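Take a look at the letters that make up each chain.
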Amino acid sequence: MVTPAPSLPKDFAQLSLTEAAELLAARKLPPVDQWHPERSGDSFMEIRADGSWYHEGGRINRPAMVKLFSTILRREADGSHVLVTPAEKLSIAVEDTPFRAVEMKTDSEGTARRLVFRLDTDDLVMAGADHPLSFGSDADSPDPRLHVRGTIGNGLEARVDRALYYEIVEMALADGSDSPAIWSNGARFPLVDR
């Protein structure tokens, strides 16, 4: 489950996993998958690889605007991205992934572990079967991603920051399996996708 956050009630580092789970359960997203407006065009917006948002070449510096736009973002079947409302659908260029996972909290170990990520938009996402982690098929060139919303395999993803990836690898290796993997919310994610 993922939900937009106008702002977290306190610093993410101070949230318990129980509090994070309660925040996840309480928030709702607009039903963008149900909206199919006839009017379409170009938003003249882009999301760069570092997670920054631009409109007509100028950076959007207001976090509240980025958070708002992120709630109406959708990935189409052809892999393109759009901002969609009941009235119109506007294309938006996405250089890498539309989100970045910038902080992580964990509790427990092994199969009981839960991982909650804070995105650069302050959204919270708990990794699990509905929000899988993937790391790419090349162990020498990892591609750590977290599914945020939409159809798994063609939905919106977050790039997992490198420091968080190293924390995940450390936890997975500490579990001592011959095939390193990380568990979250009852789901197992191998460090190398097969």
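Everything discussed here concerns the structure shown above.
Residues numbered from 1 in each chain as written. Predicted model: local features only at pLDDT ≥ 70, side-chain atom pairs only at ≥ 80, totals over all residues. Heavy atoms only, no water.

S.K.: What exactly am I supposed to notice about the sheet that holds strand E5 (residues 73–75) here?
M.R.: In a beta sheet, neighbouring strands are held together by backbone hydrogen bonds and run either parallel or antiparallel to one another. Overall, mixed pairing links the 6 strands, which are arranged E4-E3-E2-E7-E6-E5 in an open sheet. For this open sheet the edge positions go to strand E4 (58–59) and E5, each flanked by a neighbour on one side alone. (Pairing = 2+ DSSP bridges. Helix = DSSP H or I, 4+ residues; strand = E, 2+ residues; numbered from the N terminus.)

S.K.: Is there a simple way to explain the pattern of salt bridges in this structure?
M.R.: Two side chains with opposite charge may pair up if their charged atoms get near one another. Applying the stated criterion to the full structure yields 15 salt bridges. Here Asp96 ties to Arg159 by a salt bridge, and the two come within 2.9 Å at their closest N and O atoms. Of the two residues, Asp96 sits in the loop between strand E7 (88–94) and strand E8 (99–107) while Arg159 sits in strand E13 (residues 156–160), which places them 63 residues apart along the sequence. Between Arg118 and Asp122 there is a salt bridge, and its shortest N-O distance comes to 2.8 Å. (Salt bridge = Lys/Arg side-chain N within 4 Å of Asp/Glu carboxyl O.)

S.K.: In this structure, what is going on with the environment of Leu124? I would like to understand it.
M.R.: Tracing the sequence through the fold places Leu124 in strand E10 (residues 124–126). Residues Leu124 and Ala101, 23 residues apart in the sequence, show an inter-C-alpha distance of 9.1 Å.

S.K.: Got a minute to help me understand the pairing of strand E9 (residues 114–119) in this structure?
M.R.: Successive residues of a regular strand alternate their side chains across the two faces of the sheet. Counted residue by residue, E9 has 5 buried out of 6 residues, so it is predominantly covered. As paired strands, E8 and E9 are joined by 6 bridges and run antiparallel to one another. Each bridged residue has a counterpart across the sheet, and for Ala101 the counterpart in E9 is Leu119. Hairpin connection between E8 and E9: a loop of 6 residues separates the two successive antiparallel strands, and Ser108 in this loop has a positive phi of roughly 65°. Pairing between E9 and E10: 3 bridges, direction antiparallel. Within E10, the residue paired with Phe117 across the bridge is Val125. (Buried < 20%, exposed > 50% of the residue type's maximum accessible area, 1.4 Å probe, protein only.)

S.K.: Just checking my understanding: could you explain helix H3 (residues 162–174) for this structure?
M.R.: Given 3.6 residues per turn, any residue in an α-helix points the same way as the ones three and four places further on. The terminal C-alpha atoms of H3 lie 18 Å apart, and with 13 residues this matches the ideal 18 Å at 1.5 Å per residue to within 8%. Taken together, the buried residues of H3 touch E8, E9, E13 and strand E14 (181–184). Note on H3: the residue one or two positions beyond its end, Gly176, has a positive phi of about 80°. (Expected span 1.5 Å × (residues − 1). Contact = heavy atoms within 4.5 Å.)

S.K.: Can you help me understand the environment of Ile72 in this one?
M.R.: Note on placement: Ile72 falls in the loop between helix H2 (63–71) and E5. Classification of Ile72 as buried rests on a relative accessible area of 16%. In the structure, Ile72 is positioned 13 residues away from Thr85 in sequence and 6.8 Å away in space, judged by C-alpha atoms. For Ile72, the residues in contact, after removing those within four places along its chain, are Pro30, Val32, Val82, Leu83, Val84 and Thr85.

S.K.: Would you take a moment to explain the nonpolar core for this structure?
M.R.: Soluble, globular proteins show a tendency: their nonpolar side chains are buried together. Ranked by internal contacts, the top residues of the largest apolar core, which has 40 residues, are Trp53, Phe117, Leu133, Ile168 and Ile182. The element that contributes the greatest number of residues to this core is H3, accounting for 6 residues. Apart from the residues within four sequence positions on either side, Ile182 is in contact with Arg113, Leu115, Leu133, Phe135, Ile168, Met171, Ala172, Ala187, Arg188 and Phe189. (Core = buried A, V, L, I, M, F, W, Y, C linked by side-chain atoms within 4.5 Å.)

S.K.: What is the right way to look at the packing of aromatic side chains in this model?
M.R.: How two aromatic rings sit relative to each other is given by the distance of their centres and the angle of their planes. A complete count under the given rule lists 3 aromatic pairs for this structure. Here the aromatic rings of Trp53 and Phe69 are separated by 6.5 Å at their centres, their planes lie at 15°, and the arrangement is stacked. Here Trp53 is found in strand E3 (residues 53–55), whereas its partner Phe69 is found in helix H2, with 16 residues between them in sequence. In this structure, Trp53 and Phe69 share a single accessibility class: buried. Judged by centre distance (5.9 Å) and plane angle (45°), the rings of Phe135 and Tyr165 are tilted. One end of the pair, Phe135, is in the loop between strand E11 (133–134) and strand E12 (145–149); the other, Tyr165, is in helix H3, and 30 residues separate them in sequence. By the burial criterion, Phe135 is buried, and Tyr165 matches it. (Phe/Tyr/Trp six-rings, centres within 6.5 Å; stacked < 30°, edge-to-face > 60°.)

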